[in-house]
Amino acid sequence: MINELPLLQKRHSVTNIVVHLIFTTKYRRKKMSEPVLAYLRGILASLAESKGCFVIEINGEADHIHLLVQTPPQISVSNLVGFLKTYSSKMILEEFPEFRTFSNRVAFWSTSYFVASAGGVTIEALEKYVQDQGKTKRLSSPPFRTEVSRRMS
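Residues numbered from 1 in each chain as written. Predicted model: local features only at pLDDT ≥ 70, side-chain atom pairs only at ≥ 80, totals over all residues. Heavy atoms only, no water.

(A) Focus on the nonpolar core. The biggest cluster of nonpolar side chains holds 28 residues, and the ones touching the most others in it are L40, I65, L67, L84 and F108. Secondary structure elements with two or more residues in this core: β3 (17–25), α1 (34–50), β4 (54–61), β5 (64–71) and α2 (77–95). By residue number, the principal contributor to this core is α1, which donates 7 residues. Ignoring any residue separated from it by four or fewer positions in sequence, one finds L84 in contact with L21, F23, L44, L47, A48 and L67. (Core = buried A, V, L, I, M, F, W, Y, C linked by side-chain atoms within 4.5 Å. Buried < 20%, exposed > 50% of the residue type's maximum accessible area, 1.4 Å probe, protein only. Helix = DSSP H or I, 4+ residues; strand = E, 2+ residues; numbered from the N terminus. Contact = heavy atoms within 4.5 Å.)

Structure, rendered in structure tokens:
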């Protein structure tokens, strides 16, 4: 499905940035039942959309959630994560007040998160593609050569 996503086009760029995010609940408490997860799917998708992102998939277990998100290049991943966690935490604690166990300022999510880039090809395929550049005769620009490689040839 990632290869079927629309490319994000601007005047001078075309991008397809997809990230895999994982958020864990505070203290890894098992708070996400199916109704909580269903609520989170809706609010996280809505929040991401408000930032110009597209949620491809959201799923989780009792103590963590996975998101696969396409994001425009002008939004940093750390800003997106902070925005999603802050506002979804506020909304989940309003909808499910029983999660407020210690005070009114308790966060739903832990402060940590995981992020990895996701794409349609492997690192090995990209390495080979870059290594093979300049090996075929084309009517395009010559292969990139550093100042050191020019002196050596």
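(B) Examining the pairing of β5 more closely. Within β5, 7 of the 8 residues are buried, which leaves it mostly tucked inside the rest of the structure. With 8 bridges connecting them, β3 and β5 associate as antiparallel partners. Bridged to I17 within β5 is T71. The sheet contact formed by β4 and β5 spans 7 bridges and is antiparallel. Residue pairing for β5: I58 is matched across the bridge by L67. Counting the residues that bridge the hairpin from β4 to β5 gives 2 residues. (Pairing = 2+ DSSP bridges.)

Fair warning: the whole summary comes from geometry, so function is off the table for now.
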